Amino acid sequence: WWGHVEPAPKDPILGVTEAFLADPSPDKVNVGVGAYRDDNGKPVVLECVREAERRIAGTLNMEYLPMGGSVKMIEETLKLAYGEDSEFIKDKRIAAVQALSGTGACRLFADFQKRFLPDSQIYIPIPTWANHHNIWRDARVPQRTLRYYHPESKGLDFASMMDDIRNAPNGSFFLLHACAHNPTGVDPSEEQWREISYQFKVKNHFPFFDMAYQGFASGDPERDAKAIRIFLEDGHPIGCAQSYAKNMGLYGQRIGCLSILCEDEMQAVAVKSQLQQLARPMYSNPPVHGALIVSTILGDTELKNLWLKEVKGMADRIIGMRKALRENLEKLGSPLSWEHITNQIGMFCYSGLTPEQVDRLTSEFHIYMTRNGRISMAGVTTGNIGYLANAIHEVTTS
Ligand code: LMR
């Protein structure tokens, strides 16, 4: 039956973790996957999560959630994206369902897009998180490219981005990273977002925001929702994928949310019912534990404040590591500019290292990262930063 099945290629991100785990070297460093580590390189469970678990212990039964997921969790999650006092929430204009983290939210949206606008395409920034391509490919939505990154400046190619937005057929779908762009760490400025939003309005494009890193760009989830808020102010219908993998450290709980802002409540009811229809034959209904952790934290002022403090703590540690990595490279006398390490934001530094240089880092120094040169700054610690800087210096100068 399966003789014709070839092995699948390794996942460009999760495959890095597999290779790292298989390496017996005591020096090995993993700056591949975007998963936060403390300064000892250990995974972190936030104190607000521990406290929420204590509070819910023993109270939970194991019944199914509704197909659309936890109503309480969704309510709190929408406030983070759309604003505490959002008129759209009050007017019940948002169709929202619990999703299997950001990936699941994107996939549900892609399937919804294919089912109800089967001839549509989606513009995807180049580069983007590798899995975005898989998601829209498997949903059979054709992909077009949105120029985004400028390799020379290691910043935003705003002019080309705007050209692509202007030249796309009216009413096109665009995938946008709401903040802390993965993999580049390059975000448009507020002013640029306003111009993008304006042009979307002119062209009647549909913005779909993937917000996987809310809180990791500025340290403040509210500020990181700025791009979305600009689009909302300008009266766009939007779609939004939210995830608690990073900002609550709930990676393996697979907890997130897909929302679509509709024209009115009736439309939102219809859209939500169709999203549930998509979920039912795929996974029936989403898991309960992560949803309860999230709603317990966000529904309690004290726990929510603790969460905000902890998000800022994670973002600040990363910012500190950015400064230190740049300083280390400059101290080694690197002839190259490493300014972009501190200019870029969020979990990732798009270093500019070539695939061959990355291969050398792995084979000679046991340092693991994706071949596009992306460094997960969340994996950099005071213990490994000297070793990492030295290795980067070696492969970029000899
Ligand atoms: C990453 O980009 O490293 C993360 O979003 C993890 C993943 O699933 O790829």
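Residues numbered from 1 in each chain as written. Predicted model: local features only at pLDDT ≥ 70, side-chain atom pairs only at ≥ 80, totals over all residues.

**Student:** Could you give me a rundown of the overall build of the protein chain, with the residues and numbers involved?
**Tutor:** Broken down by element type, the protein chain carries 16 helices and 13 strands. For the protein chain, the C-alpha radius of gyration of 21 Å lies close to 21 Å, the compact-globule estimate for 398 residues. Summarising its shape, the C-alpha atoms of the protein chain cover approximately 65 × 55 × 55 Å along the three principal directions. The 398 residues of the protein chain split such that 46% are buried. Across the protein chain, every contact between residues at least 6 apart in sequence was considered, and the portion connecting residues at least 24 apart equals 77%. (Helix = DSSP H or I, 4+ residues; strand = E, 2+ residues; numbered from the N terminus. Rg over C-alpha atoms; globule rule 2.2 N^0.38 Å. Buried ≥ 20, exposed ≤ 12 C-beta atoms within 10 Å, placed from the backbone. Contact = placed C-beta atoms within 7 Å.)

**Student:** For the site of the ligand, give the residues involved together with the corresponding values.
**Tutor:** By nearness alone, every residue bordering the ligand is listed as I13, V33, G34, W129, N131 and N182. Of the residues that constitute the shell around the ligand, the class distribution is 3 nonpolar, 3 polar and no charged. (Near = placed C-beta within 6 Å. Nonpolar A, V, L, I, M, F, W, Y, C, P; charged D, E, K, R; others polar.)

**Student:** Could you give me a rundown of the nonpolar core, with the residues and numbers involved?
**Tutor:** In this structure, F109, I228, L258, V294 and M377 are the most contacted members of the largest nonpolar core, which totals 116 residues. Element by element, the count of residues in this core is highest for helix α13 (residues 301-331), at 8 residues. When we break this core down by domain, the ones giving at least three residues each are domain 1 (14-44 + 315-397) and domain 2 (65-299). Residue contacts for L258: discarding those within four places in its chain leaves A96, V97, A99, A105, L108, F109, A241 and L275. (Core = buried A, V, L, I, M, F, W, Y, C linked by C-beta atoms within 7 Å. Domains from an automatic or database assignment.)

**Student:** So what about the environment of W1? Which residues, and what values?
**Tutor:** Position of W1 relative to the elements: it lies in the segment before α1 (14-22). For W1, a count of 4 C-beta atoms within 10 Å corresponds to the exposed category. With 277 residues separating them in the primary sequence, W1 and L278 have C-alpha atoms 29 Å apart.

**Student:** Describe the confidence of the model for the protein chain, listing the residues and the values that go with them.
**Tutor:** With 100% of its residues at a pLDDT of at least 70, the protein chain reaches an overall mean of 97. Scored by ipTM, the complex comes to 0.95, with pTM at 0.97. (pLDDT = per-residue confidence, 0-100.)

**Student:** Kindly report on the UniProt feature "domain: Aminotransferase class I/classII large" (unreviewed entry) in the protein chain, identifying the contributing residues and their values.
**Tutor:** The UniProt entry lists residues 27-392 under the feature "domain: Aminotransferase class I/classII large" (unreviewed entry), expressed in the numbering used here. Secondary structure content for residues 27-392 is 47% helix and 14% strand, and the end C-alpha separation is 15 Å. (UniProt positions renumbered as here; feature names shortened; annotations may be inferred.)

**Student:** Tell me about the packing of helix α5 (residues 101-116) against helix α11 (residues 265-283), and please be specific about residues and values.
**Tutor:** When two helices pack together, their arrangement is given by the angle between the helix axes and by the axis-to-axis distance. Taken N-terminus to C-terminus, the directions of α5 and α11 make an angle of 110°; their axes are 10 Å apart at the nearest point. Between α5 and α11, the interaxial angle falls into the category roughly perpendicular. Seen along the crossing, α5 lies across α11 with a hand that is right-handed. Seen from α5, the contacting residues are L108, D111 and F112; seen from α11, they are Q274, L275, L278 and A279. (Axes fitted to C-alpha atoms, helices over the stretch in contact; angles between N-to-C directions. Parallel < 35°, antiparallel > 145°, perpendicular 65-115°, else oblique. Left-handed = near helix turned anticlockwise from the far one by under 90°.)

**Student:** Mind laying out unusual backbone geometry, listing which residues take part and the relevant values?
**Tutor:** Omega for the peptide link from I126 to P127 comes to 0°, which places this bond in the cis form. Position of P127 among the secondary structure elements: in the loop between β3 (122-126) and α6 (130-138). A cis geometry characterises the amide bond from N182 onward to P183, with omega recorded as 20°. Take P183: it is sitting in the loop between β7 (173-177) and α8 (190-203). A positive phi angle, near 60°, is found at S101, a position not held by glycine. Mapped onto the elements, S101 comes out in helix α5. Judged by C-beta crowding, with 25 C-beta atoms within 10 Å, S101 ranks as buried. If you check the backbone angles, N204 has positive phi at about 60° while not being a glycine.

**Student:** Could you give me a rundown of the packing of helix α12 (residues 289-298) against α13, with the residues and numbers involved?
**Tutor:** The N-to-C vectors of α12 and α13 enclose an angle of 100°; their axes lie 6 Å apart at closest approach. Looking at the two axes, α12 sits roughly perpendicular to α13. Between α12 and α13, the contacting residues are T296, I297 and L298 on the first element and L303, K304 and W307 on the second.

**Student:** Tell me about the environment of G185, and please be specific about residues and values.
**Tutor:** Among the secondary structure elements, G185 is positioned in the loop between β7 and α8. G185 sits 160 residues away from I345 along the chain, and the two C-alpha atoms are 4.7 Å apart.

**Student:** Any chance you could break down α6 for me, citing the residues and the numbers?
**Tutor:** Since there are 3.6 residues in each turn of an α-helix, residues three or four apart along the chain are aligned in direction. Of the positions making up α6, those classed as buried are H132, I135 and W136. Burial along α6 is one-sided: seen end-on, the buried residues are contained in an arc of 85°. α6 presents R137 and D138 as exposed residues on the side facing more than 90 degrees away from its buried surface. Where α6 is buried, its residues touch α5, β3, β4 (143-147) and β7. Looking at the residues trailing α6, positive phi occurs at R140, about 60°. (Arc of directions from axis to C-beta.)

**Student:** Describe the environment of A95, with residues and values.
**Tutor:** Within the secondary structure, A95 is located in strand β2 (residues 94-99). The exposure class assigned to A95 is buried, which follows from the 24 C-beta atoms found within 10 Å. A95 sits 177 residues away from K272 along the chain, and the two C-alpha atoms are 4.8 Å apart. The contacts of A95, once residues within four sequence positions are left out, are S259, I260, C262, A268, V271, K272 and L275.

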